[in-house]
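Read off the chains here:
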Amino acid sequence: MKPLYKDVVQIMNQTTLQRIFFSLFLLASALNLQAQITISGKVTDKATGQPIPGVTIRVDHSLKGATSNARGEFILKNLPDGEQTLRFSAIGYRSEHATFAQTTSNVHIGMAEENRQLAQVVVTSTGTHRRMAETPIPVQVITARDLSSAHISTLEEALSKLSSSFSFSGNAMGTEVSLNGLKSGYILFLLNGQRMISDDAIQRINMANVKRIEILNSSASLLYGSDAVGGVVNIITDDDKNGIEVSSTTRVSNHQRISEAVTLDLNLGKLTSGTSYLYRQAGNWQLSPLAEIVDKKTKQVKEEPTTKQASLGYGNHLVQQRFSYSPLTNLTFKAEGSFYDNMSRRPIEGYDYNVNHRAYAYGAGMQYIISPRLFVTANFAADNYSSSFIYLKDTKKNKQGDRLERKRIQYYKGDVSGVFKLSRNNKLSTGLEYLNDALSSATDTYDRKSTYTASAFAQDEWTIAPGLELVAGLRYSFNETFHSHLSPSLSIMGVSGGLRGRVSYSTGFKAPTLQQIYSSEVAQSSNRLTLGNINLKPEESHNLSVNLEYLHRRFSLSATAFFNHISHMINYRTLTKEEAAPYLKEYDEVQMRDNIDRARVLGLNLSAHAYLGAGFDFAGSLSLLDGKNITPMATKKNPHPDPIQLDKSVGILGNARLNWGHTWGLYDLKLGILAYGQGERYSATYDYYSPAFYLLDFVTTHDFTLGDYKITLGAGVENILDWRDARPWNTSKPYASLQPGRSPYVSLTLHYRR
């Protein structure tokens with residue numbers, strides 16, 4: 001008999017959010033319209049008098065807001081009658097505020113330059129909006145200005161070029177990302193706070209929409225649940241604050257690499273809409289025309305010509321649509337959806353099929369400021385992903401044009417949360433969350449498997465004394481497979497002048513995937529059977545970090561030392577003859593997924609940013625890592641192995657960039673040099689170190705501002721020194737990078753904002 005609590009959880013999941021949305025909609029519809037006021041004006045640089053575009057203007061105790069246009073102008077309509085406080089913020093400027101009690105025009109706000117680390121607002125570290133300098137949990141931010149100055153076109157470029165915490169390894173089948181020594185399965189990717197699934201998560205981002213990227217380098221399951229073991233990447237997109245905003249960005253590079261991004265944002269008062277389309281393509285390329293071939297008899301290695309491609313071509317489309325409706329200034333309803341399609345373009349020589357990935361996502365939510373002391377949100381999100389083979393030619397089992405779906409993943413999430421301002425120095429966040437995961441696989445013996453997780457969390461943010469902040473919380477999760485789990489977290493920050501010290505302890509967990517639990521696979525080359533395991537436990541992490549940061553108006557320095565211990569890691573365990581007896585008549589070897597590994601990561605992250613004057617700006621970061629698998633798999637030859645380096649981990653990563661800019665009337669010129677690279681990367685699968693590499697880019701940006709119109713010409717050269725990993729093809733010796741060599745590019749952006 002199914003337990004009663006399971007029925008209760010399912011009923012709550014189906015009805016609670018529907019009731020909340022319906023009740024709030026009726027409440028909003030029933031309220032009488034109040035007298036309304038309008039505030040408009042202009043924001044300029046205090047020192048130069050030049051208009052500041054892109055300033056965010058928000059209204060206290062309201063969800064209303066706006067951004068300044070290219071002339072620094074803004075307008076806020078339909079504000080309730082009475083005193084209204086507006087807050088102005090922009091990257092690189094000190095925040096300002098002003099209060100108005102009636103309709104006012106020709107408002108002038110002057111803003112002074114300031115270290116961007118002081119003014120930046122973040123949300124990922126605590127789940128509530130805080131100035132970056134005031135959050136007790138360290139968070140790294142990549143801003144829209146950073147993305148623009150480096151001509152970033154993909155999320156992979158942003159993370160690899162502008163952060164020293166990430167390493168990417170690629171082959172013809174795809175890209176694997178690592179954060180602080182842990183692979184992508186231990187990293188949680190969010191889009192505006194909502195979880196993203198699929199192998200192509202980092203491809204499903206239109207960078208033309210991105211406002212900033214927030215990165216947590218520590219475990220964060222308190223707020224985000226499963227998978228937040230190694231860290232969290234939250235991509236924050238632009239709001240629809242202007243009357244109308246249209247942009248088109250085209251970028252062209254060698255090897256048939258082309259991208260086109262188009263966005264349209266409309267603000268019709270209470271109703272706003274955001275529409276975007278992205279197309280990307282790339283051709284195939286080799287890094288070497290040769291392949292290393294091992295003679296099976298003599299074991300000698302020889303080089304022969306090959307048609308194998310290091311990077312396979314592709315073409316993908318991404319369409320996104322979002323709506324928001326604000327019947328009141330303190331109440332907003334939102335709905336959004338997206339569709340993604342990616343098709344590989346393999347050469348028919350040497351390949352039987354193309355790989356097609358598709359995903360569609362949709363969701364709805366609401367935000368309601370009930371009072372200055374209570375803010376409530378509710379969300380529903382769904383993500384569906386499938387991966388299929390499209391056959392290029394006839395094979396023994398399939399014909400040209402056949403489509404074989406390999407797997408389908410479905411994900412549904414509902415959550416309700418509230419932020420309670422208990423006092424001037426105390427803020428409490430609480431929430432309930434329900435997740436349902438489902439997997440279908442044509443290559444396994446089952447049609448569909450699913451599991452659910454129900455969670456509750458509470459987090460307290462407390463200002464103990466001036467300059468002393470504490471954040472503590474606990475999450476309780478109940479999973480259908482492994483049952484109960486607790487995730488505590490504790491952070492404290494002390495401030496003295498420009499110096500900040502932070503100490504954080506956090507925990508994370510990764511629930512076993514449905515594939516790990518149920519899937520059985522056969523390796524045809526070795527006739528080895530791999531079994532799932534319904535008794536798998538969640539993988540767990542305990543993360544301790546210490547951060548020191550110094551912030552000055554002209555520069556900032558930061559150092560973070562961290563220790564992360566991961567237990568119950570899932571790996572393959574070879575079964576004994578007794579355990580494997582039922583299978584040995586058909587298979588030569590049998591292994592099972594099991595919680596047999598433990599790992600630890602020691603690391604140091606250093607970063608610096610400085611405004612050098614005369615238009616020069618410098619930023620750089622360095623990461624030193626020592627990641628070890630403490631309990632590697634024993635073999636007959638080595639029954640007691642020593643700890644080995646973590647798979648796909650890199651010991652040293654770094655980047656540095658120097659930018660210069662100047663404005664002459666309507667023309668703005670920016671020049672930049674960007675250096676980035678990494679040390680040797682270890683592959684546990686092949687016990688092999690891919691070589692280190694360091695790359696250098698040169699970028700130029702030319703902005704022409706003509707009233708509401710802006711034209712941006714971009715040109716540059718990636719990998720000026722023409723480095724590439726030109727070793728002969730060998731699947732047992734993974735490439736360090738798929739970078740094809742020196743790559744010139746040009747881009748054109750047409751932008752209209754009113």
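Structure: see above.
Residues numbered from 1 in each chain as written. Predicted model: local features only at pLDDT ≥ 70, side-chain atom pairs only at ≥ 80, totals over all residues. Heavy atoms only, no water.

Asker: I tried to follow the overall build of the protein on my own but got confused; where do I start?
Answerer: Looking only at helices and strands, one finds seven helices and 46 strands in the protein. On C-alpha atoms alone, the protein measures out to a radius of gyration of 27 Å, which is about the 27 Å that the 2.2 N^0.38 rule sets for 754 residues. Projected onto the principal axes, the alpha-carbon positions of the protein cover approximately 85 × 65 × 55 Å. When the 754 residues of the protein are sorted by exposure, 51% land in the buried category. (Helix = DSSP H or I, 4+ residues; strand = E, 2+ residues; numbered from the N terminus. Rg over C-alpha atoms; globule rule 2.2 N^0.38 Å. Buried < 20%, exposed > 50% of the residue type's maximum accessible area, 1.4 Å probe, protein only.)

Asker: What is the right way to look at the pairing of strand 1 (residues 36–45) in this model?
Answerer: Consecutive side chains of a regular strand alternate in pointing toward one face of the sheet and then the other. Of all the 10 residues making up strand 1, seven are buried; the element is thus mostly covered by neighbouring parts of the structure. Relative to strand 4 (residues 73–80), strand 1 runs antiparallel, the two being bridged by six bridges. Note that in strand 4 the partner of glutamine 36 across the bridge is proline 80. For strand 1 and strand 7 (residues 104–111), the ladder comprises six bridges, and the chain directions are parallel. Among the inter-strand pairings, aspartate 45 is bridged to a residue of strand 7, identified as methionine 111. (Pairing = 2+ DSSP bridges.)

Asker: Help me out: how do you make sense of the nonpolar core in this one?
Answerer: Nonpolar side chains in soluble globular proteins tend to be buried together. Judged by nonpolar contacts, the single largest core of 29 residues is most densely connected at Leu147, Leu155, Leu159, Met207 and Ile213. Contributing elements (two or more residues each) for this core: helix 4 (155–162), strand 11 (166–171), strand 12 (174–179), strand 14 (187–191), strand 16 (210–216), strand 17 (231–237), strand 41 (667–678) and strand 44 (693–706). Apart from the residues lying within four places of it in its own chain, the contact partners of leucine 155 are Phe189, Ile202, Ile205, Met207, Ile213 and Ile235. Counting residues in hydrophobic clusters, the runner-up holds 20 residues, among them Ile37, Leu79, Tyr93 and Met111. (Core = buried A, V, L, I, M, F, W, Y, C linked by side-chain atoms within 4.5 Å. Contact = heavy atoms within 4.5 Å.)

Asker: Please explain unusual backbone geometry as it appears in this structure.
Answerer: What is expected of a backbone is that most residues other than glycine have negative phi and most peptide bonds are trans. The residue asparagine 180 is not glycine, and still its phi comes out positive at about 50 degrees. For asparagine 180, the location among the structural elements is in the loop between strand 12 and strand 13 (182–183). Of note in the backbone geometry, alanine 614 takes a positive phi value of approximately 60 degrees without being a glycine. Classification of alanine 614 as exposed rests on a relative accessible area of 69%.

Asker: Mind showing me how you'd approach the sheet that holds strand 6 (residues 96–100) here?
Answerer: Within a sheet, each strand pairs with its neighbour through backbone hydrogen bonds, oriented either parallel or antiparallel. Strand order in the open sheet formed by four strands is 3-2-5-6, with antiparallel pairing between adjacent strands. Of all strands in the sheet, those bounded by a partner on one side alone are strand 3 (65–67) and strand 6. Looking at each pair of strands side by side, their axes are set apart by 20 degrees on average, direction ignored. Where strand 2 (residues 56–59) lies against strand 3, three bridges are found, and the strand directions are antiparallel. Within strand 3, the position partnered with isoleucine 57 by the bridge is alanine 66. (Axes fitted to C-alpha atoms, helices over the stretch in contact; angles between N-to-C directions.)

Asker: Any chance you could explain the sheet that holds strand 16 here in plain terms?
Answerer: Taken in spatial order, the five strands make up an open sheet running 10-16-17-14-15, and their pairing is mixed. Both edges of this open sheet fall to strand 10 (140–143) and strand 15 (194–195), since each of them pairs with a single strand only. Where strand 16 meets strand 17, six bridges bridge the pair, whose relative direction is antiparallel. Bridge pairing in strand 17 links valine 210 to threonine 237.

Asker: Any chance you could explain the pattern of salt bridges here in plain terms?
Answerer: All told, the structure shown has 38 salt bridges when counted by the stated rule. Glutamate 549 is the salt-bridge partner of arginine 502, the closest N and O atoms lying 2.9 Å from each other. With a gap of 47 residues between them, arginine 502 in strand 32 (residues 499–510) and glutamate 549 in strand 35 (residues 539–551) connect regions that are remote in the sequence. Residues arginine 502 and glutamate 549 agree in their burial class; the two are buried. (Salt bridge = Lys/Arg side-chain N within 4 Å of Asp/Glu carboxyl O.)

Asker: Mind showing me how you'd approach the packing of aromatic side chains here?
Answerer: Each aromatic ring pair is described using two quantities: the centre-to-centre distance and the angle formed by the ring planes. For the structure on display, the rule yields 13 aromatic pairs. Aromatic side chains tyrosine 353 and tyrosine 391 sit 5.7 Å apart centroid to centroid with 65 degrees between the ring planes, which places their arrangement in the edge-to-face category. Taken together, the positions of tyrosine 353 in strand 25 (residues 353–371) and tyrosine 391 in strand 26 (residues 374–391) put the pair 38 residues apart, joining distant regions of the chain. Residue classification places tyrosine 353 among the partly exposed residues on the basis of a relative accessible area of 21%. A relative accessible area of 11% places tyrosine 391 in the buried class. Summarising the aromatic geometry, the rings of phenylalanine 616 and tryptophan 660 are spaced 6.4 Å apart at their centres and angled 50 degrees between planes, so their arrangement reads as tilted. Residue phenylalanine 616 is found in strand 38 (residues 616–629), and its partner tryptophan 660 is found in strand 40 (residues 652–664); the two are separated by 44 residues along the sequence. The rings of Tyr353, Phe389 and Tyr391 are connected pair by pair, giving a single aromatic cluster. Across the ring face of tyrosine 186, the terminal group of lysine 510 is positioned such that the distance to the ring centre comes to 5.9 Å. (Phe/Tyr/Trp six-rings, centres within 6.5 Å; stacked < 30°, edge-to-face > 60°. Lys NZ or Arg CZ within 6 Å of the ring centre and 35° of its normal.)

Asker: I'm lost on helix 4 in this one. Help?
Answerer: Every α-helix winds through 3.6 residues per turn, so residues three or four apart in the chain are directed the same way. With respect to burial, helix 4 is a largely interior element, six of its eight residues being buried. For helix 4, the set of buried residues is Leu155, Glu157, Ala158, Leu159, Lys161 and Leu162.

Asker: Any chance you could explain the side chain of serine 743 here in plain terms?
Answerer: The residue serine 743 is located in strand 46 (residues 743–753) in this model. Using a relative accessible area of 0% as the deciding quantity, one classes serine 743 as buried. Engagement of the side chain of serine 743 in a polar contact is seen with the side chain of arginine 257, the distance being 2.9 Å. In contact with serine 743, other than residues within four places in its own chain, are Ser253, Asn254, Arg257, Gly716, Val717 and Glu718. (Polar contact = N/O pair within 3.5 Å; in protein donor to acceptor, adjacent residues only side chain to side chain.)

Asker: Which parts of the structure should I look at to understand the environment of methionine 343?
Answerer: Inspection of the secondary structure assignment puts methionine 343 in strand 24 (residues 331–345). Sequence-wise, methionine 343 and glycine 313 are 30 residues apart; in three dimensions their C-alpha atoms are separated by 8.6 Å. Excluding residues within four positions of it along the chain, methionine 343 makes contact with Gly313, Tyr314, Gly315, Asn354, Val355, Asn356 and Ile390.

Asker: Would you take a moment to explain a nonpolar patch on the surface for this structure?
Answerer: Residues Trp462, Ile464, Leu490, Ile492, Val503, Tyr505, Leu544, Val546, Phe563 and Leu602 make up a contiguous nonpolar surface patch of roughly 790 Å² in combined accessible area. Elements with a contribution of two residues or more to the nonpolar patch: strand 29 (449–465), strand 31 (483–496), strand 32 and strand 35. Along the chain, the position of valine 503 falls in strand 32. Its relative accessible area of 39% is what places valine 503 among the partly exposed residues. (Patch = residues over 30% accessible without salt bridge, like charges linked within 9 Å, V, L, I, M, F, W, Y side chains within 5 Å. Areas by Shrake-Rupley, 256 points an atom, 1.4 Å probe, with all protein chains shown as cover.)

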